[in-house]
Amino acid sequence: MIRITETIFRDAHQSLIATRMRTSDMVPVAKALDQIGYHAMEVWGGATFDASLRFLNEDPWERLRILRAAMPNTKLQMLLRGQNLLGYRHYPDDVVSAFIRASVRNGIDIIRIFDALNDARNVRLAIHETKEAGAHAQAAISYTKSPVHDIGHYVQKAQEYVNLGADSICIKDMSGILLPYDAYELVSRIKDAVQVPLELHSHCSTGMANQSYLKAVEAGVDILDTALSPFANGTSQPPTEAVIAQFINTPYDSGLDIKPLAEIAEYFEELRSKYVSEGLLNPKVMRTNVSTLINQVPGGMYSNLLSQLGQQQALHRLDEVLEEVPHVRKDLGYPPLVTPMSQMVATQAVFNVLLGERYKIVPKEIKNYVRGMYGRPPAEISKEIVQKIIGDERQIQVRPADLLEPMMHKIPSEIKKYMEQDEDELTYLLFPQVALEFFQRRETGLYKIDTDLWHMDSEDETYPV
Ligand code: CO
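Residues numbered from 1 in each chain as written. Predicted model: local features only at pLDDT ≥ 70, side-chain atom pairs only at ≥ 80, totals over all residues. Heavy atoms only, no water.

Structural notes on the domain arrangement of the protein
Just so we agree on the cut-off: In this document the domain limits rely on a domain assignment from an automatic tool or a database. Two residues form a contact once any of their heavy atoms are found within 4.5 Å. Throughout this description, the term salt bridge denotes a Lys or Arg side-chain nitrogen within 4 Å of a carboxyl oxygen of Asp or Glu. Polarity classes work like this: nonpolar for Ala, Val, Leu, Ile, Met, Phe, Trp, Tyr, Cys and Pro, charged for Asp, Glu, Lys and Arg, and polar for all others, with Gly in that last group.
For the protein, the assigned domains are domain 1 (3-277) and domain 2 (284-402). Summarising the inter-unit geometry, the C-alpha centres of domain 1 and domain 2 are found 26 Å apart. Domain 1 puts 33 residues into the contact, and the matching count from domain 2 is 31 residues. If you look at where domain 1 meets domain 2, you find 1 salt bridge. In this structure, the salt-bridge partner of R399 is D93, at a minimum N-O distance of 2.6 Å. Residues belonging to the side of domain 1 that touches domain 2 are distributed by class as follows: 12 nonpolar, 16 polar and 5 charged.

Shown next as C-alpha cells:
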C-alpha cells in the first residue's frame with residue numbers, strides 16, 4: 001500500500017505560480033483536504049516563507065497556525081534547506097535550533113531536510129533538533145547525475161542520513177531527470193540498505209515523473225508526492241487523482257477515494273483560473289522540457305541563462321554557454337544543479353564564454369563555494385582550478401556553520417519595537433530587509449494585497465525545489 005503526500009499548498013504553487021497562493025485561498029478547502037487521509041500535506045517552507053512576506057504581505061507563521069487549526073487530522077510537512085533554513089545562506093546553530101523549535105511549536109509534524117550538495121554536515125543539526133522537538137525528521141537527498149553520482153553514492157547517503165537519526169528518506173528529484181528504470185534500481189537498492197520509509201519527490205518537467213513513480217512503486221517505495229490536478233504537471237508534481245487511480249485494485253492501492261478529490265479539484269480549478277487571469281501562471285512552466293534530459297540544464301536555469309545572455313546582447317552564444325555548463329560543473333566537483341548552485345554555475349559559464357577565457361572573472365559566490373563555504377563538493381576540485389579561482393588561499397575543512405557567531409537575542413531595539421511575537425526575531429534574522437518592511441506595514445494595519453504589484457517576471461521567478 002502506498003501513501004500520498006499532497007503538495008498543493010507548497011511545491012505545486014511554488015513551481016507553477018511563483019509561490020503566490022494566498023492563505024485566504026487555502027482556508028476554504030483546508031477542512032475538506034483534512035478528511036482525505038493523506039500521509040501528509042506539504043504546506044510550509046521552501047520559498048513560501050519568503051514569498052508570503054515579500055509578495056503577499058502575510059505573516060508565514062500566522063499561515064502555519066491557521067492551517068494547523070483547519071487541518072487537525074493531517075500531518076503537516078515543511079521543506080527546510082538544512083543549515084540554510086528557508087534563506088539563502090548558512091545560519092549559525094542557535095538560529096537553526098530556534099527556527100526548528102518554533103516551526104514545530106506552530107504546527108509542523110514532519111520536516112523534510114536537505115542540502116544542495118548533500119553534505120551531511122549541513123543537515124546534521126537540523127535532523128537532531130527536529131527530533132528533539134518531537135517531530136519527524138525526513139532527510140532528502142538531492143538527485144543529480146554525474147560520474148560521481150552513481151547508485152552506490154545515493155545508497156551510502158541514505159545510510160549516512162539514517163545513522164544521523166533520519167526517520168525517513170526522500171529522493172528529491174527537483175529537475176525531474178530520474179528515469180523510470182533508474183528509479184526502480186535506486187529505490188530497490190535504498191530499500192535493501194535502510195529500514196526507514198522511503199519517499200519519492202519528483203517534478204513533471206521532462207515528462208518522466210509519472211513513469212518513474214510507477215517503477216518506484218513496483219520497487220517498493222512507500223510514499224509519493226503528488227499535487228491535485230489543477231496544479232499538477234509542468235514543473236509541478238504528477239496529479240494526485242491519476243496517481244491514486246492507477247494503483248486501485250493492485251497491491252499498491254493507496255486506499256484513498258478519488259471522488260471527494262474531484263470535488264476539491266473543482267475548487268482549485270477556479271482558483272487556477274483566477275491566478276491565470278492575474279498573469280501568475282507563465283505558460284512556459286507547463287511545457288515539457290526534454291532538453292534537461294540532454295544537457296542537464298533544468299528549466300529555471302535555462303530561463304536564467306536566456307535572461308543573462310539577453311542583457312549582454314549575446315543570445316546568439318547560447319549554444320556555446322550550454323556546452324560550457326557541464327565543463328564548469330565538472331571543474332567545480334559536480335554540484336547538483338539546484339538553487340543556489342544552478343544560478344552560480346550558469347553565471348560562471350556565461351563569463352567563461354563571453355570573456356573567451358575560463359575563470360578570468362569569478363563571481364564572489366563561486367569563490368566562496370571553492371573556499372568550502374557552502375560545504376564539501378561531491379567530487380574534489382582539482383588543484384589547478386582551486387589555484388585559478390582563489391589563488392593561494394586555503395580551503396576551509398570545517399563545517400561552514402562552525403565559523404559563524406551566534407545571532408539570537410541581539411536584535412537592535414529600533415527593530416525590536418516592531419516585534420509582536422517571538423517568531424518575529426527569526427523572520428528578521430532570515431530576511432532582515434523584507435521582514436522590517438513587513439513589520440512596518442503590519443504596524444500601520446496595512447494588509448494590502450495588491451495583485452498589480454507582483455506580476456511575474458524573469459527576475460523574481462522562483463524555481464521548483
Ligand atoms: Co520539489
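Some details on the pairing of strand β6 (residues 168-173)
Condition: Burial here depends on accessible area, computed with a 1.4 Å probe over protein chains only, as a share of the maximum for the residue type. Under 20% is buried, over 50% is exposed, and the range in between is partly exposed. Under the scheme used here, helices are H or I runs from DSSP no shorter than 4 residues and strands are E runs no shorter than 2 residues, and both carry numbers assigned from the N terminus. Here a crossover is taken to be right-handed if, once the strands point away from the viewer, the path from the first strand over the helix to the second is traced clockwise. Between any two strands, at least two bridges found by DSSP are needed for them to pair.
In terms of residue burial, β6 counts as a mostly covered element, since 6 of its 6 residues are buried. A two-sided burial pattern is seen for β6, the buried positions comprising S168, C170 and K172 on one face and I169, I171 and D173 on the other. Crossover connection from strand β5 (residues 136-142) via helix α7 (residues 151-163) to parallel β6: handedness right-handed. With 5 bridges connecting them, β6 and strand β7 (residues 198-202) associate as parallel partners. Along β7, the bridge assignment pairs I169 with L198. Taken together, β6, helix α8 (residues 180-193) and β7 form a β-α-β motif whose crossover is right-handed.

Here's the deal with the sheet that holds strand β4 (residues 110-114)
Here is the rule we go by: Every axis corresponds to a line fitted to the C-alpha atoms, with the helix fit spanning only the stretch in contact, and the corresponding angles, defined between N-to-C directions, vary from 0 to 180 degrees.
Taken together, the 8 strands give a closed barrel; going around it, the order is β1-β2-β3-β4-β5-β6-β7-β8, and neighbouring strands pair in parallel fashion. Within the sheet, the average angular offset between the axes of one strand and its neighbour, ignoring direction, is 30 degrees. Relative to β4, strand β3 (residues 76-80) is paired through 4 bridges, and the arrangement is parallel. Each bridged residue has a counterpart across the sheet, and for L80 the counterpart in β4 is I113. Along the sheet, helix α6 (residues 124-132) makes contact with β3, β4 and β5, crossing β5 at roughly 160 degrees.

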